[in-house]
Amino acid sequence: MAFSKIAKRLLNRFPTFEIEQGSTIWFFRRDRIALISLAFIVILSILAILAPLITPYANEGLGEPNILQKLQTPSVVHPFGTDSLGRDILARILFGARTSLIAGLIIVAAAVLIGTISGAVAGYFGGWIDEVIMRVTDIFLAFPPLLLAMTVAAVLEPSLKNAILAITLTWWPWYTRLARAQTVSVRERDYVKAAHGMGVKNFTIILRHIVPNIITPILVQGTLDIGAAIITVSSLSFLGLGVPPPTAEWGAMVREGREYIQIGKWWIPTFPGLALFLTTMAFNFLGDSIQVVTNPKTRGETL
Amino acid sequence: MSRGEYLLRRLGLGIVVIIGVLMITFIVSYIIPGDPARLYLGSRATPEKLAQARHELGLDQPIPLQFVSYISRLVHGELGISFRTKRPILDDIKIRLPATLELVISSMLLALFVGLPIGVLGAARRGKIFDQVSRLITIGGVSIPSFWLALILQLFFFLYLRWLPLGGRLINEVIMSHPIQIKTGFYLIDAAISGNWVAWWDAFIHLILPVAVLATYPISLVVRMTRASMIEVLSETYITSARASGLTEREILFKLALKNAFIPTLTILGLLFAYSITGSVLVEVVFSLPGLGSYMADAILSTDIYVLFAVTLVVTLIYIIVNLVIDLIQAAIDPRIRLGGREDL
Amino acid sequence: MAETLLKVNDLQVAFSTPRGEFRAVSGVNFSIQTGQFYGIVGESGCGKTITGRAILKLVPPPGRIVGGQILYHNNDVVQMSESEMRQIRGRCISMVFQDPAAALNPLFTIGQQISAVMKRHKMGSNDTIHENAIHLLNDLGLSDAELVYDSYPHRLSGGMQQRAMIAMALCAKPDLIIADEPTSALDVTIQNQILELLVQTQRERGVTIILITHDLGVVAETCDEVAVFYLGRIVEKGTIGEIFHYTSHPYTKGLLAALPNPKKLQQELSVIPGMIPSNPDALRGCPFEPRCFARMTKCGLIDPPTVRLSTSHQVNCHLFNRVD
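Residues numbered from 1 in each chain as written. Chains lettered and ligands numbered in written order. Predicted model: local features only at pLDDT ≥ 70, side-chain atom pairs only at ≥ 80, totals over all residues.

## Thoughts on the overall build of chain A
Argument step 1. For chain A, the helix and strand inventory stands at 13 helices and zero strands.
Argument step 2. Secondary structure of chain A in N-to-C order comes out as α-α-α-α-α-α-α-α-α-α-α-α-α.
Argument step 3. Across the 303 residues that make up chain A, the buried fraction comes to 46%.
Argument step 4. Within chain A, contacts between residues at least 6 apart in sequence are counted, and of these 68% link residues at least 24 apart. (Helix = DSSP H or I, 4+ residues; strand = E, 2+ residues; numbered from the N terminus. Buried ≥ 20, exposed ≤ 12 C-beta atoms within 10 Å, placed from the backbone. Contact = placed C-beta atoms within 7 Å.)

## Details of the overall build of chain C
Argument step 1. When you go through chain C residue by residue, the secondary structure sums to 11 helices and 12 strands.
Argument step 2. Expected size for 324 residues packed as a compact globule is a radius of gyration near 20 Å; at 21 Å, chain C falls within 12% of this value.
Argument step 3. Principal-axis analysis of the C-alpha atoms places the extent of chain C at approximately 65 × 50 × 45 Å.
Argument step 4. Taken across its 324 residues, chain C has 44% of its residues classed as buried.
Argument step 5. For chain C, restricting intrachain contacts to residue pairs at least 6 apart in sequence, the fraction spanning at least 24 positions comes to 62%. (Rg over C-alpha atoms; globule rule 2.2 N^0.38 Å.)

## A few points about the sheet that holds strand β3 (residues 37-41) of chain C
All names here are of chain C.
Argument step 1. Taken together, the eight strands give an open sheet; going across it, the order is β6-β7-β8-β3-β9-β10-β12-β11, and neighbouring strands pair in mixed fashion. Edge positions in the sheet fall to β6 (93-96) and β11 (306-308), since each of these pairs with one other strand and no more. Each strand axis lies, on average, 20 degrees off the axis of its neighbour in the sheet, ignoring direction.
Argument step 2. Pairing of β3 with strand β9 (residues 225-230) involves four bridges; the strand directions are parallel. Looking across to β9, one finds that Ile 40 is bridged to Ala 227.
Argument step 3. Across the face of the sheet, helix α7 (residues 158-170) comes into contact with β6 and β7 (176-180) while running at roughly 170 degrees to β6. (Pairing = 2+ DSSP bridges. Axes fitted to C-alpha atoms, helices over the stretch in contact; angles between N-to-C directions.)

## Some thoughts on the sheet that holds strand β2 (residues 20-33) of chain C
All names here are of chain C.
Argument step 1. Strand order in this open sheet of four strands is β2-β1-β4-β5, and the pairing throughout is antiparallel. Both edges of this open sheet fall to β2 and β5 (75-76), since each of them pairs with a single strand only.
Argument step 2. Across eight bridges, strand β1 (residues 4-17) lies against strand β4 (residues 63-72) in antiparallel orientation. Bridge assignment links Gln 12 to a residue of β4, and that residue is Gly 67.

## What about the interface of chain C and chain B?
Where the parts come together, the accessible area they lose is often given as the size of the interface.
Argument step 1. On the chain B side, the residues contacting the 28 residues of chain C number 20 residues.
Argument step 2. Of all elements in the fold, only β6, α3 (100-103) and α4 (110-120) of chain C reach the threshold of two or more residues within the side of chain C that touches chain B.
Argument step 3. Considering each element in turn, the side of chain C that touches chain B owes the most residues, three residues, to α4(C).
Argument step 4. Grouping the constituent residues of the side of chain C that touches chain B by class yields 15 nonpolar, seven polar and six charged. (Nonpolar A, V, L, I, M, F, W, Y, C, P; charged D, E, K, R; others polar.)

## Some points on the packing of helix α6 (residues 89-125) of chain A against helix α11 (residues 202-238) of chain A
All names here are of chain A.
Argument step 1. Contact pair α6 / α11: the axes reach a minimum separation of 7 Å and the direction vectors enclose 145 degrees. Here α6 runs over α11; the crossing is right-handed.
Argument step 2. Taken together, the residues that form the contact of α6 with α11 break down as 18 nonpolar, five polar and one charged. (Left-handed = near helix turned anticlockwise from the far one by under 90°.)

## Some words on the confidence of the model for chain A
Argument step 1. When the pLDDT values of chain A are averaged, the result is 80; 83% of them are 70 or greater.
Argument step 2. Counted against residues more than four places away or in other chains, residues 14-23 of chain A, with its pLDDT under 50, gives 15 contacts. (pLDDT = per-residue confidence, 0-100.)

## Points about the nonpolar core
Argument step 1. If you look at the biggest cluster of nonpolar residues, it comprises 250 residues, and the most contacted ones within it are A:Met150, C:Ala167, C:Cys171 and C:Ile210.
Argument step 2. Of the residues forming this core, the biggest block, 19 residues, is contributed by helix α12 (residues 249-287) of chain B.
Argument step 3. In contact with C:Cys171, not counting residues within four places along its chain, are C:Ile114, C:Val117, C:Met118, C:Ala133 and C:Leu136. (Core = buried A, V, L, I, M, F, W, Y, C linked by C-beta atoms within 7 Å.)

## Focus on the pairing of β4(C)
When a strand is regular, its side chains alternate between the sheet's two faces.
Residue and element names in this part refer to chain C.
Argument step 1. Pairing between β4 and β5: two bridges, direction antiparallel. Paired with Leu 71 across the bridge in β5 is Asp 76.
Argument step 2. With antiparallel pairing between neighbouring strands as the criterion, β4 and β5 make up a hairpin whose turn holds two residues, including His 73 at a positive phi of roughly 50 degrees.

## A closer look at the interface of chain A and chain B
Argument step 1. The interface of chain A with chain B comprises 39 residues on the first partner and 40 residues on the second.
Argument step 2. For the side of chain A that touches chain B, the secondary structure elements donating two or more residues are α7 (127-142), α8 (145-155), α11, α12 (250-258) and α13 (267-294) of chain A.
Argument step 3. For the side of chain A that touches chain B, the element with the highest residue contribution is α13(A), accounting for 10 residues.

## So, α13(A)
Argument step 1. Over its 28 residues, α13(A) runs 40 Å from end to end, which matches the ideal 40 Å to within 8%, given 1.5 Å per residue.
Argument step 2. α13(A) sits mainly inside the fold: 21 of its 28 residues count as buried. (Expected span 1.5 Å × (residues − 1).)

## Section: the packing of helix α5 (residues 89-124) of chain B against helix α10 (residues 197-234) of chain B
Residue and element names in this part refer to chain B.
Argument step 1. Between α5 and α10, the shortest axis-to-axis distance is 6 Å and the interhelical angle comes to 35 degrees. For the crossing formed where α5 meets α10, the hand is right-handed.
Argument step 2. The residue makeup of the contact of α5 with α10, split by class, is 22 nonpolar, six polar and one charged.

## A look at the pairing of β2(C)
All names here are of chain C.
Argument step 1. Pairing of β1 with β2, which is carried by 11 bridges, proceeds in the antiparallel orientation. Following the sheet pairing, Val 13 is matched in β2 by Val 25.
Argument step 2. Between β1 and β2, which pair antiparallel in sequence order, lie two residues.

## Focus on the environment of B:Thr316
Argument step 1. Mapped onto the elements, B:Thr316 comes out in helix α14 (residues 305-333).
Argument step 2. For the pair B:Thr316 and B:Thr216, spaced 100 residues apart in sequence, the C-alpha to C-alpha distance is 23 Å.
Argument step 3. Non-local contacts of B:Thr316, meaning those with residues more than four positions away in its chain, are made with A:Ala142, A:Phe143, A:Pro144 and B:Val21.

## Concerning the environment of C:Val59
Residue and element names in this part refer to chain C.
Argument step 1. Mapped onto the elements of the fold, Val 59 is located in the loop between α1 (48-55) and β4.
Argument step 2. Of the residues examined, Val 59 has 21 C-beta atoms within 10 Å and is grouped as buried.
Argument step 3. For the pair formed by Val 59 and Thr 49, sequence separation is 10 residues and the distance between their alpha carbons is 9.4 Å.
Argument step 4. Once you skip the residues sitting within four places of it in the chain, Val 59 turns out to touch Val 13, Ile 50, Arg 53, Ala 54, Arg 64 and Ile 65.

## A short note on the environment of C:Gly42
All names here are of chain C.
Argument step 1. Among the secondary structure elements, Gly 42 is positioned in the loop between β3 and α1.
Argument step 2. Taking the C-beta count within 10 Å as the criterion, Gly 42 has 25 such neighbours and is therefore assigned buried.
Argument step 3. Beyond its immediate stretch of four places on either side in the chain, Gly 42 contacts Lys 48, His 214, Val 228, Phe 229 and Tyr 230.

## A few points about the confidence of the model for chain C
Argument step 1. When pLDDT is averaged along chain C, the result is 85, and 92% of the positions lie at 70 or above.
Argument step 2. Quick note on the complex model: pTM equals 0.80, ipTM equals 0.83.

## Considerations on unusual backbone geometry
Residues and elements named next belong to chain C.
Argument step 1. The peptide bond linking Pro 61 to Pro 62 adopts the cis configuration, its omega dihedral lying at 10 degrees.
Argument step 2. By secondary structure assignment, the location of Pro 62 is in the loop between α1 and β4.
Argument step 3. For Asn 74, which is not a glycine, the phi torsion comes out positive at approximately 70 degrees.
Argument step 4. Relative to the assigned elements, Asn 74 resides in the loop between β4 and β5.
Argument step 5. Classification of Asn 74 by C-beta neighbours within 10 Å gives exposed; the count is 8.

## Examining helix α7 (residues 146-160) of chain B
Argument step 1. Between its first and last C-alpha, α7(B) extends 20 Å over 15 residues, near the 21 Å set by a 1.5 Å rise per residue.
Argument step 2. Taken together, the buried positions of α7(B) are B:Ser146, B:Phe147, B:Trp148, B:Leu149, B:Ala150, B:Leu151, B:Ile152 and B:Gln154.
Argument step 3. Each element contacted by the buried residues of α7(B) is listed here: α11, α12 and α13 of chain A together with α10 and α12 of chain B.

Right under this line is the structure:
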């Protein structure tokens with residue numbers, strides 16, 4: 001109940017969100033998969049936040065080795081087994097969740113921020129500002145996304161911060177394009193012209209009038225992208241470009257565990273990868289449902 | 001805007017983009033905190049050798065000059081020397097590119113030939129359960145981490161079932177007993193041309209898992225898009241009109257509707273190519289394939305900067321060309337797109 | 001000597017919606033003679049388009065025919081299989097749609113679309129087909145037929161598109177053409193041209209035409225006989241003369257009165273009060289009762305009977321019921 005009230009208030013702040021009142025709960029009731037995905041993400045987030053308190057192997061989660069316990073098969077004591085340094089894998093997965101979730105959110109948030117502002121500026125002012133910004137965007141979009149991120153990350157020191165930086169660098173152009181297209185359709189609206197006529201400064205117009213009205217499809221796209229962001233970070237880590245050991249990160253864990261498959265210790269890379277898969281899938285389902293619901297053409301479809 | 005003007009404009013934009021791409025790769029190479037000379041020499045670095053290396057690599061010249069010499073070298077096809085292999089990068093790329101292209105092209109073809117029919121047939125059938133299941137499968141397919149899927153399949157098909165090889169392009173025995181005459185670098189083509197069916201089969205088996213892994217994301221996306229756009233197309237009046245003329249469902253589905261539905265799918269083809277090229281890095285690493293992807297991965301580990309940029313540049317240029325081709329195909333198929341402006345009769 | 005080409009008996013078409021089943025057409029009866037120009041008139045939502053679709057068994061899901069017969073040359077269409085229907089569609093009965101721009105495939109030329117139909121119905125070699133198609137386009141008033149043949153739909157004006165679609169409907173030489181609001185999407189000046197074209201086509205080729213429209217004025221200019229629809233039922237039907245001069249049903253009267261009369265300037269356009277109800281199935285008795293100026297108590301309770309006013313004129317109304 002409380003959730004739907006909060007949701008309603010949020011929805012009211014963004015006028016382009018055309019969901020009917022009270023339809024939030026109805027929406028989730030119809031779309032079981034979205035509901036399960038949301039629950040999964042919420043539970044995972046809670047577990048991730050509380051990780052140091054939940055698991056008895058908190059230190060190992062942070063990276064401290066426990067050689068005596070190394071390479072244990074999954075058991076009651078270690079539900080997902082232990083890795084080559086004897087660290088409990090379940091604990092490391094929980095700590096890895098922190099890394100992945102935070103990284104995914106930051107990347108999308110940063111890309112949305114940069115993209116929205118640059119796109120709105122380009123769309124609003126038009127002219128040479130528009131041309132310049134769009135050409136720069138085109139140039140960045142010419143690179144296959146992951147490739148540029150890899151190159152940039154490889155050139156900087158391996159760290160989570162740099163990985164996030166590299167990925168954001170390749171992602172913002174998409175949002176710029178989206179924001180610009182939205183801005184172009186919104187800037188002819190009357191309230192923008194009225195504000196302009198009253199002498200409101202351009203940047204205020206952009207911030208107060210344009211951005212709130214274009215932000216919704218951008219946010220929808222953002223939710224869709226969180227899953228992809230998480231996988232991208234993990235892919236970089238798999239290649240050795242993300243967090244340096246001993247920090248727990250799912251992609252890095254798959255990397256470390258890879259060589260141990262050959263001697264039969266299959267659980268080391270399998271479970272972290274599974275966590276990655278399920279998390280990404282949950283975000284993708286959620287994003288997909290949101291997209292179907294907010295698109296007036298597809299809203300009535302049974303999912 | 002006539003056709004000529006359109007092409008000219010497109011080309012002009014393309015050139016601007018290419019120059020921009022070159023600039024960015026150059027800039028990124030210039031902001032490395034480290035010292036290329038030091039990386040080049042590795043552990044043998046002494047101050048004198050460093051200075052000498054810097055001079056050799058042209059690092060002591062002012063930046064704009066470096067950019068110019070960078071461009072001129074590129075124009076001559078010189079991509080630099082790899083720190084790791086000490087060979088000209090261009091040679092390395094020439095050797096490794098076919099393996100990657102074989103992988104990427106195979107997976108894109110698989111995506112189209114499997115994804116399109118499934119998407120089309122999936123649109124003909126609607127119903128709550130069918131919709132839910134197809135949604136589950138397509139979104140699942142899009143969410144699977146390729147490197148993890150590769151590992152799991154290796155685990156299952158090699159370690160557990162022993163049906164498929166662990167990696168590489170050929171087994172050593174086959175290399176020795178039935179060597180392939182390399183003409184194109186595509187083992188499947190070369191072996192077939194010379195009738196070397198033993199090697200062909202071996203190459204094929206080695207490609208199954210990598211192609212399957214790389215194609216997972218594209219297939220899911222193609223199925224999804226095709227199905228969605230088919231459903232939209234099938235509700236259009238011109239389809240009802242075609243039915244009212246007595247055309248069969250099969251004709252309508254595969255001849256008429258498909259052409260209309262293919263267009264939105266075409267727009268993602270470029271993205272799929274980009275995904276496949278970069279995804280091949282991960283797949284080649286897991287399956288130990290000697291292609292451009294693993295070359296890139298090795299360069300990452302050894303911070304072989306010039307390789308990184310050379311590969312990025314080459315791949316980006318290929319990507320730009322592919323996008324251009326796709327745009328042209330789109331204009332060819334959809335008569336409405338041509339060059340803006342109607343010439344009414 | 002005219003024979004009955006199409007006879008519709010007690011047609012019922014229902015749509016299954018989440019809120020239950022909705023009867024779009026309940027108990028419609030009419031018959032059409034060869035060579036007639038038959039009009040089906042009514043407001044939007046009255047079931048006229050669905051009836052037209054039902055004749056070709058093209059009712060879109062979630063709708064389906066749930067009762068009645070549609071006898072084409074004494075063969076019941078309702079019972080026919082899809083493959084049997086495909087023999088009929090285009091070849092015996094064809095359809096002209098409301099919005100020609102939407103009804104023509106944007107990715108294929110006019111010629112490709114017409115020849116596809118002719119090939120499907122095996123109307124000759126490629127060359128014969130090409131020739132006949134050009135001929136047909138010419139006959140329909142497209143003077144630059146070759147150019148139109150090779151053009152894509154979006155290159156043509158609305159009127160030309162509609163002529164092209166009529167060509168597509170005629171190319172397999174059907175007996176019956178169902179024209180579903182063929183002029184509603186066109187400019188007013190073009191509308192008359194297309195209507196004239198349809199009348200001419202019927203005269204010259206002996207094709208029977210069913211014209212579905214909401215405009216009684218159009219009906220007056222073109223049709224021989226008319227059926228007036230309201231909420232899925234026929235409330236009155238008869239020849240043009242009977243409908244216009246011996247108008248019987250209150251709804252028909254309302255429709256006629258609502259037509260602007262160029263002779264009476266500065267008149268207030270009369271309007272039928274009320275609106276089409278959103279849940280027609282809940283109604284009992286006569287569907288028009290809530291808006292009828294002549295309603296009686298029994299109109300809201302008992303279905304009105306079909307009263308014959310002449311051999312061709314019928315009305316469904318309690319007002320004409322002799323037995324009381």
